[in-house]
Amino acid sequence: MQKYLLRLLGFTLILGALPTVIIGIASYYIATQDIEEKVNEGNLQLLQQTQMRVEQTLRSMELSALQFVNSSLVKGSMNEALTGEDFIQVRELMTGLYNMQSKAVVKQAYLMNIEKDWAVSLNGLKLADNMDNKKEFLAYTKQPESIFWNTRDIGSVNTVLEDDTTSELTSAPSETISLVYKIPLTPKTNTPKGLLVVQISTSEIHGGLTAKNTLGNNYVLDKTGMAFLSTASDKEANSEINRIIQDRVSNQLQKQGFFKAKIGDKNMGVSFLSSGNNSWTFVNVVSIEEITKGSKKIALFTAGVCGLILLLVLIFAFYGSRRMYSPIRSLLEFMKKMETDANPERLGTDEWSYIKESLQSLFVSRGRLEKQMQGQSAHLKEFFVLKLFTGQISDSDFMYRSRMYGFPTEWDHLGVLTIQIDNLQDTRYQEQDRELLLFAINNIVGELLPQQARFSPILLNESQVTLLAVSADQAQDLKTYFYQTAELIKSTVEQYLQLQVSIGISASFDKLSYTVKAYGESLTALKSRISLGPDIIVHYEDMEQNGNTETAVYAHLKVVEDQLIQALKDVQLNKAVDIFNQYLSSILHKDGFLHEHHILLMQVMARILLIVQDRGVSVKKVLDGEGDIERFFKLQTREEISLWFQSRLFAPIVRILTEKADTQFLNIADRLVRMIHEQYDQEMTLESCASALNFHPVYLSRVFKKEIGVSFSDYLSEYRMNMAKVMLETTNLKISEIGEKLQYKNISAFIRTFRKTFGMTPGSYRELLDPK
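Let me begin by describing the structure that accompanies this report. Bear in mind the structure is a predicted one, so any value in this text is a computation, not a measurement.

Moving on to the overall build of the chain. In terms of helices and strands, the chain carries 31 helices and 15 strands. Counting all 772 residues of the chain, 44% fall into the buried class. Within the chain, contacts between residues separated by at least 24 positions form 66% of all contacts whose residues are at least 6 apart in sequence. Here the chain displays about 41800 Å² of accessible surface, and carbon together with sulfur accounts for 53% of that area.

What follows is the structure in structure tokens.
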């Protein structure tokens, strides 16, 4: 009896003790890891908040200083030699310097004219030679940047200058930091006319750092890896940490990260976050011992619970062994009782705390993100209009972009206006001013025409091009509207720029896909300046009525030729063949070209051969002597012409460009990035892109990782997540619809990826954008 009782008791103890010990150890390990992860996440959030506060202060100061530098007061003053008699102008300059105060209080500000030998500060006007810190300012002129922040000590700068005036500012941290603007800002020069130097106390910036607390100590490193916003003890104790961080940021190109290091006899956890604007790195250092204090308490609690469970197991096992007829039942009742008393609810509270912190952080940065998006919106609009004019975007995709970027959507017909400068001779402008003048004309058109009547004006091939949107059906009304708009633009350009321009107007059309053809029509209309003279407005339909339609066909062929050349440069054989077949259809189906198609084809062949010549490859590697040329002139049918170009020109050129890509890459990474930006909402893999570009996937992966710095899949995922944010901000699509549009078959995978990228779910992000 006792033997059986001991066996039963021993078996019961093992059965109860082993899971208890395993669960206790696992609970302690999981709790320890979870605490460290939560502390690291909290530190990173604090660093992000710190970065936003500091950079917002610096950015505000930069904008105030830039506005002051670009003011007419400063520009006029830089050409004058100010003296004490110019007290009104000096007072205005001092007022402008004082008004640069933003979130940070300006300790001192200087506007220095090196050429005229004067300097204005918050204290007044003095000669530049009499300034105590003149050597420091001269050191600033040797820096390669036109705008930069200096975090170095003034005295050390002067010492460096006495030894070598070309040395970099590599002194000790200063109690102030200086914002330096070279005047003029462009072009970059080591001999500027003057400087604007704004000095603020490091205590102003240090106020934006999170104070010491249980989550560690924060400080900032400059771009050379020196801590300039920290205590002296921190600088000495953390020198090795700072070296490791600088190595990771500069050599390994890490923007943020976490690692453990030992300072003296203490193990420390280090989180860092690199800033992209001024190359500063925000650092948080926390003691691992402080992190694990909570886990030690959990260990004691877990050990106590396990000991209690073991005691209960021992009592119930002994009692059960005494009751040989009901041991299993007693054990089941005990387990049920334990499950009823258990309360495993913990994770929800931690997640809510994490989400709450993330929302607070994102709410603070919402204004800054909106400003950045507004600044990028204009460039994106011009980019998509340019793609429309070059035939690189479909009607459906562009209509979606129209709703996203505020392009006109309520229109019946469209028209293209192309503006070209007639002649710069006998004007106040030089030939090198042509691009700047076109940019000015583009701005005039954008301000003159309401947004609901036009798409974003663009510059294309030395022309200013505008796509007009009209809600009218009658042909005469459309023609009148186009003429009136062109006359308004022309008279405004002559009024403000004293410049003669000519405007070509295309025929009206009702599909966005006709934009490329309409652009060719407007260029054709402008060619009539040869016979009609400059300073004119010409409608394509007027030329067509006068029998000049053949010129428009030639212009359209020129556009198709450009597309063919681009397809070959992109090593897209199938696309080149398709475009060439379209070209053949245009020249062989017209009676007027039947006797000159060989001339047109020779012109195309010459442009194609220039591709390999530009790559430094002999034409002999493509054409095999005079036999190929003789065969070319004997081609009689469309099929023979297509086969000859495909086999004797396109295929060899694609092969040569592919071989050259092994050593030059041929901008493969840029083309892959462009494919991602254009096809992110389609099914795409590295293999499909490799097939489209005629490269091996492994080779593409290696080139992309080397050029971009991240893998293809990571870049695609990150871009899709950024587009998901855009859709959440600008559309009313459901989250599941956005996930499907971004090729996520499983909505859970989309939400998980979004949360991993931005630290919150799509639903939470949308609620943040539109709080109820």
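Extensive coverage of strand β9 (residues 266–274) is indicated by the burial of 7 of its 9 residues. Of the strand pairs in this sheet, strand β8 (residues 256–263) and β9 are connected by 8 bridges, and their pairing is antiparallel. Within β9, the residue paired with Lys-262 across the bridge is Asn-267. Adjacent in sequence and paired antiparallel, β8 and β9 are bridged by 2 residues, among which Gly-264 carries a positive phi angle near 65 degrees.

Buried residues dominate strand β6 (residues 194–201), accounting for 8 of its 8 residues. Along β6, one buried face is formed by Gly-194, Leu-196, Val-198 and Ile-200 and the opposite face, lined by Leu-195, Val-197, Gln-199 and Ser-201, is buried too. In terms of strand pairing, strand β1 (residues 106–113) meets β6 through 7 bridges, oriented antiparallel. Bridging from a neighbouring strand, Ala-109 pairs with Val-198 of β6.

Looking now at a nonpolar patch on the surface. Together, Leu-308, Leu-311, Leu-314 and Ile-315 line one region of the surface with nonpolar side chains, adding up to about 350 Å² of accessible area. Overall, Leu-308 belongs to the partly exposed group, its relative accessible area being 49%.

Time to look at the sheet that holds β9. Read from one edge to the other, the open sheet built from 4 strands follows the order β7-β10-β9-β8, with strand pairing classed as antiparallel. Pairing within the sheet leaves two strands with one partner each, and these edge strands are β7 (217–221) and β8. Taking each pair of neighbouring strands and ignoring which way they run, the sheet shows an average axis angle of 25 degrees.

A few words on the sheet that holds strand β13 (residues 464–470). Reading across from one edge, β12-β13-β11-β14-β15 is the order of the 5 strands in this open sheet, with mixed pairing throughout. In this open sheet, the two edge strands, each paired with only one partner strand, are β12 (458–459) and β15 (537–539). Sheet topology note: the β12/β13 ladder contains 2 bridges and is antiparallel. Across the sheet, Ile-458 pairs through a bridge with Val-465, a residue of β13.

Attention shifts here to the packing of aromatic side chains. All told, the structure shown has 19 aromatic pairs when counted by the stated rule. With a centroid separation of 5.8 Å and an interplanar angle of 75 degrees, the aromatic rings of Tyr-140 and Phe-148 are classed as edge-to-face. Assessed through its relative accessible area of 9%, Phe-148 is described here as buried. Residues Trp-644 and Phe-645 carry aromatic rings whose centres are separated by 5.3 Å and whose planes lie at 75 degrees to one another, so their mutual orientation is edge-to-face. You can call Trp-644 buried: its relative accessible area is 5%. An aromatic cluster of three or more residues is present, and its members are Phe-580, Tyr-583, Trp-644, Phe-645 and Phe-650.

Every buried residue belonging to helix α26 (residues 686–693) is among Leu-686, Cys-689, Ala-690 and Leu-693, and all of these are buried. End-on view of α26: buried residues confined to an arc of 100 degrees, all on one side of the axis. Packed against the buried residues of α26 are α25 (668–679), α27 (697–708) and α28 (712–730).

Here we take up the packing of α25 against α28. Where α25 meets α28, the axes come as close as 10 Å, and the angle between the chain directions of the two elements is 35 degrees. As α25 packs across α28, the resulting crossing turns out to be right-handed. Contact residues: Leu-672, Val-673, Ile-676 and His-677 in α25; Phe-712, Tyr-715, Leu-716 and Tyr-719 in α28. When grouped by side-chain class, the residues that make up the contact of α25 with α28 number 7 nonpolar, 1 polar and no charged.

With that settled, consider the environment of Asp-129. When you line up the elements, Asp-129 lands in the loop between β3 (124–126) and α4 (134–141). In contact with Asp-129, other than residues within four places in its own chain, are Asp-117 and Lys-134.

Before going further, it helps to examine the side chain of Lys-479. Here Lys-479 is to be found in helix α16 (residues 475–497). Excluding its chain neighbours within four sequence positions, the residues that come into contact with Lys-479 are His-539, Glu-541 and Asp-542.

The topology assignment puts Arg-434 in helix α15 (residues 434–448). Contact partners of Arg-434, with chain neighbours within four places excluded, come to Ile-421 and Leu-424.

Soluble globular proteins tend to pack their nonpolar side chains together in the buried interior. Counting 57 residues, the largest nonpolar core has Phe-389, Phe-398, Phe-455, Leu-467 and Phe-712 as its most contacted members. Per element, the largest residue contribution to this core is 10 residues, and it comes from α28. Those residues within four positions of Phe-455 in sequence are excluded, and the remaining contacts are Val-385, Phe-398, Ser-402, Phe-407, Pro-408, Trp-411, Leu-414, Leu-467, Ala-469 and Leu-512.

What follows deals with the pattern of salt bridges. Overall, the coordinates contain 8 salt bridges when judged by the stated rule. Put simply, Lys-490 and Asp-535 hold a salt bridge, and the shortest N to O gap is 2.3 Å. Within this pair, whereas Lys-490 is found in helix α16, its partner Asp-535 is found in the loop between α18 (529–532) and β15, the two being separated by 45 residues in sequence. A relative accessible area of 8% places Lys-490 in the buried class. Given a relative accessible area of 28%, Asp-535 falls into the partly exposed group. Arg-607 is paired through a salt bridge with Glu-561; the nearest N and O atoms lie 3.1 Å apart. Taken together, the positions of Arg-607 in helix α22 (residues 597–614) and Glu-561 in helix α20 (residues 549–569) put the pair 46 residues apart, joining distant regions of the chain. What makes Arg-607 partly exposed here is its relative accessible area of 25%. Each member of the salt-bridge network shares a partner with another, and the members are Lys-490, Glu-494 and Asp-535.

The subject of this paragraph is the packing of α28 against helix α30 (residues 747–758). Each packed pair of helices is defined by two parameters, the angle between the axes and the distance between the axes. Packing of α28 against α30 brings their axes to within 10 Å, and their N-to-C directions diverge by 95 degrees. Comparing the axis directions of α28 and α30 gives the class roughly perpendicular. Of the residues in α30, those touching α28 at Ser-717, Met-721, Asn-722, Ala-724, Lys-725 and Leu-728 are Phe-750, Thr-753, Phe-754, Thr-757 and Phe-758. In the contact of α28 with α30, the residues fall into 6 nonpolar, 4 polar and 1 charged.

With that out of the way, let us pick up unusual backbone geometry. Cis rather than trans, the peptide bond between Ile-183 and Pro-184 has omega equal to 0 degrees. With respect to the helices and strands, the residue Pro-184 is situated in the loop between β5 (173–183) and β6. Of note, Asp-117 is a non-glycine position whose phi angle comes to about 60 degrees, a positive value. Structurally, the position occupied by Asp-117 is in the loop between β1 and β2 (118–121). By relative accessible area, Asp-117 is classed as partly exposed at 23%. Backbone geometry at Gln-498 places phi at a positive 45 degrees, although glycine is not the residue there. Within the fold, Gln-498 resides in the loop between α16 and β14 (501–505). Using a relative accessible area of 45% as the deciding quantity, one classes Gln-498 as partly exposed.

Scoring rules and cut-offs
- Here, residues in each chain are numbered from 1, in the same order as that chain's written sequence.
- Per-residue local features are limited, in this predicted model, to residues with pLDDT of at least 70; the limit for side-chain atom pairs, both in listing and counting, is 80 or more; totals at the level of whole chains, interfaces and linings are taken over all residues.
- Hydrogen atoms and water are omitted, and side-chain values are computed over all heavy atoms in the structure.
- Numbered from the N terminus, helices here are DSSP runs of H or I no shorter than four residues, and strands are runs of E no shorter than two.
- Relative accessibility under 20% of the residue-type maximum defines a buried residue, over 50% an exposed one, and the middle range a partly exposed one, all with a 1.4 Å probe and only protein chains included.
- Between two residues, a contact is recorded if the distance between any of their heavy atoms is within 4.5 Å.
- The method behind every accessible area is Shrake-Rupley, applied with a 1.4 Å probe, and residues are considered shielded solely by the protein chains displayed.
- Paired strands, in this sense, are two strands between which DSSP finds at least two bridges.
- Like charges are joined within 9 Å and nonpolar side chains (Val, Leu, Ile, Met, Phe, Trp, Tyr) within 5 Å, but only among residues with over 30% relative accessible area and no salt bridge; these make up the patches.
- Whenever a carboxyl oxygen of Asp or Glu lies within 4 Å of a side-chain nitrogen of Lys or Arg, that contact is scored as a salt bridge.
- Each axis is a line fitted through C-alpha atoms, taken for helices only over the stretch in contact, and angles between the N-to-C directions span 0 to 180 degrees.
- Only rings of Phe, Tyr and Trp enter the pairing, Trp through its six-membered ring, and a pair is recorded when the two centres are within 6.5 Å. The plane angle decides the type: under 30 degrees is stacked, over 60 is edge-to-face, the rest tilted.
- The directions from the helix axis to the C-beta atoms are what the arc is built from.
- Each helix crossing is assigned a hand: it is left-handed if the near helix lies turned anticlockwise from the far helix by less than a right angle, otherwise right-handed if that turn is clockwise.
- Residue polarity follows a fixed list, in which Ala, Val, Leu, Ile, Met, Phe, Trp, Tyr, Cys and Pro are nonpolar, Asp, Glu, Lys and Arg are charged, and the others, Gly among them, are polar.
- What is meant by a nonpolar core is a set of buried Ala, Val, Leu, Ile, Met, Phe, Trp, Tyr and Cys residues, joined one to another through side-chain atoms within 4.5 Å.
- Angle categories: roughly parallel below 35 degrees, roughly antiparallel above 145, roughly perpendicular from 65 to 115, and oblique for all the rest.

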